[in-house]
Each structure stands twice: as C-alpha cells, then as structure tokens.
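# Structural features, examined
If you want the building blocks of each chain, they are given just below.
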There are 2 protein chains.
Amino acid sequence: MTIEKALVVGTGLIGTSAALALREMDVTVYLSDIDPPTAGLAAELGAGREWDGETVDLAVLAVPPHLIGQRLADLQKRGVARAYTDVASVKAGPIADAERLGCDPGSYVPGHPLAGRERSGPAAARADLFLGRPWALCPGPGTDAGALGLARELVSLCGAEAVTVDPAEHDAAVALVSHAPHVAASAVAARLAGAGGVALGLAGQGLRDVTRIAAGDPLLWRSILAGNARPVAAVLDEIAADLAAAASALRSGDPDGVTDLLRRGVHGHGRIPGKHGGPVRDYAVVQVVLRDGPGQLARVFDAAGLAEINIEDVRLEHSTGQPLGVAELSVRPEDADRLAGTLRFHGWHVPPVPGRNPAGPAKP
Amino acid sequence: MTIEKALVVGTGLIGTSAALALREMDVTVYLSDIDPPTAGLAAELGAGREWDGETVDLAVLAVPPHLIGQRLADLQKRGVARAYTDVASVKAGPIADAERLGCDPGSYVPGHPLAGRERSGPAAARADLFLGRPWALCPGPGTDAGALGLARELVSLCGAEAVTVDPAEHDAAVALVSHAPHVAASAVAARLAGAGGVALGLAGQGLRDVTRIAAGDPLLWRSILAGNARPVAAVLDEIAADLAAAASALRSGDPDGVTDLLRRGVHGHGRIPGKHGGPVRDYAVVQVVLRDGPGQLARVFDAAGLAEINIEDVRLEHSTGQPLGVAELSVRPEDADRLAGTLRFHGWHVPPVPGRNPAGPAKP
C-alpha cells in the first residue's frame, strides 16, 4: 500500500511544503485550511487542489498542537483516510488528547518534521524544505504496521530522514533545542520593553539574532510550552542558574567565573549541526566588489554560470544610493578559488577568500 | 583643523572599515597592527598604507578594550597625533586605564561606533559599515574642543551619527543590548555541551540564531564583561528571575504565567530599530520562482535594473542539483508591486507579495 492520494489539513509553511513535495512525486494532494483563501493560495502555488471530501491514503494534520486531537477525531469519524499523521512540535500532548477523545490509535502515527524557515505561510513553502532533515515519528504500541509504513513513505517522499523516537524523549529534546531557547530569547527581548532611546539606538545585529524568535506568536507559544511544560521548566532552571551565577561572579569582581560559561557556550554552539546535516556554515564565501551597484550582479551570475559554479546564497552589502557595493557569494568550498579566479579574470576586485574561518560576534 | 592624515591602530573589521571610509574621503591613512600581515591585507584592500611612524591629525585605536589605555599612553608619549579616539565597546574601563597611566585627557575622545558584521577581520571590512549608524562619543570635562572636533569629523567622514553620551550611561546601555544578551546566548548554548545526539539532530535555525553570538572568543568577551561588570550583572539578574519564574509557572501547571513574558518579549523585540535606523525588516520581499536555477537570476537583476529598482538584498532558496529555486528579493516597500509586475511581465512566476507581515518563528 502506497500513497496515491493525500490530504493536507492546514496549509501554512509546513503543510504546504509537504504538499509541494508530494506533488513533485506525482501524489494527488488535496488541501484544506480553516481559512479558505490560504488553501487557495497553496493550490495556486502548485501544492494540490482544494479538498471536497475525497477519501485518501494519508491525512497530514498541520494545525497547531492543541487542535491535533480534535481534528484527528473529526477526520477519523468521517473515515477520511487509511492513516493519519501530524507535524506538531510537541508529541506527548497531542497523543494524550487523541487518547482522551477516543481516537483510533492504530491509524495514527504522531510525527514532527524538524524543518522551518524564518517566514511563515504558504508563499514561503518549498518542496525541498525537508530535504535531508530529520523527521521524528513516535508510533505507539498500538500503531498499525500499515499506518507506520504510510507515514514513513511520507517522510521518504519529502526527502527527510525518519527518526523513530519515544514521545517523552522527543519532547525533552525539543525543550532543549527549541522551546527553552524561545523563552530565553523572550526574556532577553523583554528587557527592551522599558529600555530608553539611547540603549535602543545602540542595538546591533547580535541582539536582533538573539531575540528574533521572540517575535513568535505568544498564544501559539503558550500552547507549545503548555504542552511541554516539565521538560522546558527543567532547562529554564539550568539557564537561570547559570545566569545568576554569572551575575554573582561579575558583581564580586571575579570575571574568570564567567569564562567557563562562555567556553561551554562556544563548545555547545559548535555542536549544532548545519541545515543539511553538515557543520554550520558549510559554504565558502567569495566577496566581490561591485563599483556600479546591483546592476553588475547580473554579470557576476553570468560569469559564475559560464564557469558552471552553483551559487548557493548571495548577500548584497550596500546602502541605497551608494555607488559601492559588495556581494557575498556562498559556494561549495571546492568552488571558491575557481569562482574568485573567474571573477578576477573578468576584472572584478575580489579580496582573498578568507577560508572557512568561523564567524565571530557581530561586534563586541 | 581637519583630518588630512589618520592612523588606524588595529586593522580588524572596525579599524579597516574606518580606514576604508576615510580613504574614500581622500584622507591619507596609515595602518598598524600587532600582526603585520593583517595590516598588509588591509592595505591591499585599499584601506591605506602601512605605518612608518609618521605623525597624523587623528589616531584611531581599534584594539581590544583592555589594551586601549596602554596603547594610548604609548602613542601620546611619542606625540604621534594631535588627537586620539578609540572604538572599544566599553568606555568606563578604558577611560579609567588612561587616567591611571597618566594619559593626556585633553587629546583623547573615547568613542564606540555601533556597527558590526557577522564576519571579522579586514577582508570583511566595508567603507559603508558605519553609514547611518550611531557612534557614541564620551568626551570628559578635560577634553579639548579641537580633539572633540576631530573625533566628530571622523564620525562624519564615516557617515555615522555622533551621539554624545556619558560613559556610565553608555555602558549601561550596551550591557542591555549587547553584553547581557551575549551571556544569555552562551547560557542557552552551554546546555548543548552535554546534549545527546537525538536532541542535537533536532536543532533548527532558531537555535542557531539564538546562539550565534555565543561563538565569540571567550577571552575577548571575558575582557568586555569584566570592563562592564555591574551593569551586565544587573541585567543578567533580571533575565534569570524571569526564566526562573517561567519555569515555576510551567511546573505548577500555569502556562498563562508565561504568556506575559512572551508578550513582553514580542513588544521588546519590536522596539529594536533596524540596521539603518528604521524599524526591523523595513524591506518588502518579492519572491520569484526560478525554474532553471541560479542562471536565471542574472536576468532577474537585469529586469530590475531596467525598471530602476534597487534590490537591497537577495536570498536564494534552493538545494544543490535541484532544478527549482526561489529567489527572495528585498526591495523598498514602495517598489515591491512594481517589481512583481515587471517580473511577471517577463514571464516569471511571482507569488502575491505578502506585504510587510512580521516574520514568525522559524518553526515552533
């Protein structure tokens, strides 16, 4: 039994991305969203067609965590699919909701793809969002083998790696790498609520990065944290203790008491894998000076294309109206020297490629 | 008296960027670094010429904070410049060091440009790094008007905005917006030092952003924190208290006790000004689907250039070998609809511009 027809319930970033991935594999995909224009946009983007109640092989619930149980119960009651999975970022809570509501445990495979973007909504969706990313599956003792097989097939069709994990272990892990960091970012950002204009005027990129996720919807996050309360609380207590100890060391004139925390931070940061499983920042950056502004960039891309070098990312560093700009081109490390040489050959000023030195702080 | 000749001591990111800015204004710039190849690279990049001991109008000390006082004393003893300034991110400490070492307070104007980048070193320097950014100046009661005038001229030549601020107020402000956030990022990252493979495998972009600055050099940061101990400790205590309270609320089954912190975080985050003084994310993003990969991007830039639309930033979203890619073009909001129309006219698929909706979390 394979997935020929799928239903995606909730066409936000994750649901639409899964739909796009399934469409690329020629699966028939139906789309449903509590907000019909959102499902319509996803359909317009090629994610599938709007749902009219057809039965499917697999239903993917991409709605907020606290709605999973109820939505699952509704769909199961209507016999919509042979198997059901969800993509919520906590697992114990939705599983408990499903049990409480009398859902059929046999056809439900709780899941959580570990992928995301800075933007949300269907327009930000990408067919390759899950490529090479882990996708947690938390089947229970009563899960049917057939349902598990369909969930695994979904993961495979999306190009992700299935990781079977106990729901409690999953929730402890995401408390550490996602939920507690969110609260910590909120606590740093909360200090700015009463900050004066001088302080805010001195803010830089480092602060923006630390606090970026604090912009998340408080009600969505309240729901996530409520669903993972004890594991998150345990991590928050440890962070709070480290910060209180650092404050105490600084106040008592013992700055060396902070060095160990800073060192552990460097070590811990270095253990975070990169987007595609490799180390963080696995591209080399080639800088090229564009004296005539962004218009020159077209020729840079032409030159790279002729040399058959794939530019993985590009950042333009210039200010409006300035004649001088720098483009930073991210390429595979083995292509960096060749790209630099090509661009120099065509007359551009290319500073020496600094190699893969780790990025330092934005500015102390 | 104006700046005709300047000396930059320390050719890292900040020093070299100031040198480049001065060179663009036809100031003669001499470069010095404790590591001569670093000064040589800065010279090669057009930041000036290596220093042979010439006297100058203004010397810019771009060395770590704890070295400012000693370096200032050395240079003043040799009568190298008419005026001296520094760019250290703490001010009270270097000022106290200078006093202790008997430096001439008349010719020294403590300073701190609020600008930075994710990369460090001279190759990452940019002439326009300081454009539109605040640049704190902390003259004391004994500072000569002539020296202050030269420091203000430096700020102006770099395109920055001089902000005269008391050293204590400066240090409290940077504790809030830079130093305490760094320690908080370290504390989050430190939790990963002992994390298991499952947890690390589930890490996403949000965690990378929160912890990015934790990669900073522990010894440099120990020096910065030591130089600003009490203001940093005060902020850290508040963050620690918020996190402990959040943990307690979650543990006692009161998730609403966290909602207020999350809301304050959203509010505080929203108060951070953008890179050029505007609000964060003051550009609209136009997405364009590139079916033939990065080679098409050249034609996108050509089309934008013909329409006289300035692309402020661009991100390529594709995976190696994938035929489908999406380019996200950041433009001024008033240009977004015109760019979308232009690109559609040329046959590209451009999803509806979502407007300036705030970016949500990478993924809950």
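Everything quoted here is computed from the prediction, not taken from an experiment.

Secondary structure assignment for chain A yields 13 helices and 12 strands. Burial analysis of chain A (364 residues in total) assigns 59% to the buried set. Of the contacts formed within chain A by residues at least 6 apart in sequence, a portion of 68% connects residues at least 24 apart. Carbon and sulfur atoms provide 52% of the accessible area of chain A, an area that totals close to 13,500 Å².

Next up on the list: the sheet that holds strand E9 (residues 161–164) of chain B. Residues and elements named next belong to chain B. If you walk across this open sheet you meet the 3 strands as E7-E8-E9, and the pairing is mixed. The open sheet has two free edges, formed respectively by strand E7 (111–113) and E9, since each of these has just one partner strand. The sheet shows a mean angle of 25 degrees between the axes of neighbouring strands, taken without regard to direction. Where E7 and strand E8 (residues 134–137) come together, 3 bridges link them in antiparallel fashion.

Before going further, it helps to spend a moment on the interface of chain A and chain B. Chain A puts 145 residues into the contact, and the matching count from chain B is 146 residues. Together, the buried faces of chain A and chain B total about 13,500 Å²; carbon and sulfur atoms form 61% of this surface. Between Asp209(A) and Arg212(B) there is a salt bridge, and its shortest N-O distance comes to 2.5 Å. Our count for the contact surface shared by chain A and chain B stands at 22 residue pairs in polar contact (both at pLDDT 80 or more).

With that settled, the discussion passes to the pairing of strand E8 (residues 134–137) of chain A. The side-chain alternation of E8(A) yields two buried faces, one formed by Pro134(A) and Ala136(A) and the other by Trp135(A) and Leu137(A). Of the crossover connections in this fold, the one passing from E8(A) over helix H5 (residues 145–157) of chain A to the parallel strand E9 (residues 161–164) of chain A is right-handed.

Residue and element names in this part refer to chain B. Pairing within the open sheet is parallel, and its 6 strands lie in the order E3-E2-E1-E4-E5-E6. In the strand order of this sheet, the two ends are held by strand E3 (49–50) and strand E6 (108–109), each with one partner. Pairing of strand E1 (residues 5–9) with strand E2 (residues 28–32) involves 5 bridges; the strand directions are parallel. Looking at E2, one finds that lysine 5 is bridged to threonine 28.

With 94 residues, the main nonpolar core has Leu236(A), Leu243(A), Leu236(B) and Leu243(B) as its most contacted residues. Residues contacting Leu243(A), with those up to four places away along its chain left out, are Val183(B), Ala184(B), Ala187(B), Leu236(B), Ile239(B), Ala240(B) and Leu243(B). With 46 residues, the next largest nonpolar core counts Leu290(A), Leu329(A), Val331(A) and Phe301(B) among its residues.

Once that is clear, we can look at the packing of aromatic side chains. According to the stated counting rule, one finds 3 aromatic pairs over all chains in the structure shown. Here the aromatic rings of Phe301(A) and Phe301(B) are separated by 6.2 Å at their centres, their planes lie at 15 degrees, and the arrangement is stacked. Of the two residues, Phe301(A) is situated in helix H12 (residues 297–306) and Phe301(B) in helix H12 (residues 297–306); the pairing between them involves two chains. Phe301(A) sits in the buried class, given a relative accessible area of 3%. Taken together, a centroid distance of 5.0 Å and an interplanar angle of 50 degrees make the contact between Phe130(B) and Trp135(B) tilted. Given a relative accessible area of 0%, Phe130(B) falls into the buried group.

With that settled, consider helix H6 (residues 167–190) of chain B. All names here are of chain B. Taking the largest bend as the criterion, H6 deviates by roughly 55 degrees, centred on alanine 175. Judged by how many residues are buried, H6 sits mostly within the fold: 21 of 24 residues are covered. N-capping of H6 is provided by aspartate 166, with a side-chain oxygen placed 2.9 Å from the backbone N of alanine 168.

This part takes up the environment of Glu54(B). Residues and elements named next belong to chain B. Mapped onto the secondary structure, glutamate 54 falls in the loop between E3 and strand E4 (56–61). In the structure, glutamate 54 is positioned 27 residues away from alanine 81 in sequence and 9.0 Å away in space, judged by C-alpha atoms. Excluding its chain neighbours within four sequence positions, the residues that come into contact with glutamate 54 are Tyr30 and Val80. A distance of 3.0 Å separates a polar side-chain atom of glutamate 54 from the backbone nitrogen of aspartate 52.

Another aspect to go through is the relation of the copies chain A and chain B. Of the transformation superimposing chain A on chain B, the axial component is 0.0 Å and the angular component is 179 degrees, with the fit at an RMSD of 0.3 Å. On the angle and the small slide along the axis, the relation comes out as a two-fold axis. The fraction of interface residues of chain A whose copies in chain B are also interface residues reaches 99%, indicating that both copies meet through the same surface.

Moving on: the confidence of the model for chain A. All names here are of chain A. Of all residues in chain A, 89% attain a pLDDT of 70 or more, and the chain-wide mean is 87. This model gives residues 275–281 a pLDDT under 50, and the stretch forms 15 contacts once residues within four places in sequence are excluded. Here residues 318–323 is modelled with pLDDT under 50, and outside its nearest four sequence neighbours on either side it reaches 20 contacts, counting other chains as well.

This structure, assessed with the given rule, holds 27 salt bridges over all chains. As a salt-bridge pair, Asp57(B) and Arg82(B) come within 2.7 Å of each other at their nearest N and O atoms. Within this pair, whereas Asp57(B) is found in strand E4, its partner Arg82(B) is found in strand E5 (residues 81–86), the two being separated by 25 residues in sequence. Arg338(B) is the salt-bridge partner of Asp335(B), the closest N and O atoms lying 3.5 Å from each other. Placement of both Asp335(B) and Arg338(B) in helix H13 (residues 333–345) is noted, with a separation of 3 residues, approximately one turn of the helix. Judged by its relative accessible area of 5%, Asp335(B) is buried. Through salt bridges with shared partners, a single ionic network connects Arg191(A), Glu238(B), Asp242(B), Asp260(B) and Arg264(B).

Rules of the game
Along each chain, numbering runs from 1 in the same order as the chain's sequence is written. Just so you know, chain letters begin at A and ligand numbers begin at 1, following the order they were written in. Per-residue local features are limited, in this predicted model, to residues with pLDDT of at least 70; the limit for side-chain atom pairs, both in listing and counting, is 80 or more; totals at the level of whole chains, interfaces and linings are taken over all residues. The side-chain quantities take in all heavy atoms of the structure and omit both hydrogens and water. Working definition: helices are DSSP H or I runs of at least four residues, strands are E runs of at least two. Numbering for both runs from the N terminus. Only protein chains enter the accessibility calculation, which uses a 1.4 Å probe. A residue is then buried if its area is under 20% of the maximum for its type, exposed if over 50%, and partly exposed in between. Working rule for contacts: check all heavy atoms of both residues, and any pair within 4.5 Å makes them a contact. The method behind every accessible area is Shrake-Rupley, applied with a 1.4 Å probe, and residues are considered shielded solely by the protein chains displayed. At least two bridges found by DSSP between two strands are what make those strands a pair. What counts as an axis is a line fitted to C-alpha atoms, over the stretch in contact for a helix, and the angles between N-to-C directions run from 0 to 180 degrees. Defined in terms of a 1.4 Å probe, buried area is the accessible area two parts forfeit on being brought together, summed over both. Salt bridge, as used here, is a side-chain nitrogen of Lys or Arg placed within 4 Å of a carboxyl oxygen of Asp or Glu. Two N or O atoms form a polar contact when they lie within 3.5 Å of each other; inside protein one atom must be a possible hydrogen donor and the other a possible acceptor, and for residues adjacent in sequence the pair counts only when both atoms belong to side chains. Whether a crossover is right-handed comes down to one check: with the strands pointing away from the viewer, does the path from the first strand over the helix to the second run clockwise; if it does, it is right-handed. Definition used in this section: a nonpolar core is a set of buried Ala, Val, Leu, Ile, Met, Phe, Trp, Tyr and Cys residues joined via side-chain atoms within 4.5 Å. Any Phe, Tyr or Trp ring, taking Trp's six-membered ring, that has another such ring centre within 6.5 Å forms a pair; planes under 30 degrees apart are called stacked, those over 60 apart edge-to-face, and the others tilted. The bend at a residue is defined as the angle formed between two axes, one fitted to the seven residues ending at that residue and one fitted to the seven starting there. The fit set for superposing copies consists of C-alpha atoms from residues with pLDDT of at least 70 in both; the fit itself is least squares. Per-residue confidence from the predictor is given as pLDDT, running between 0 and 100.

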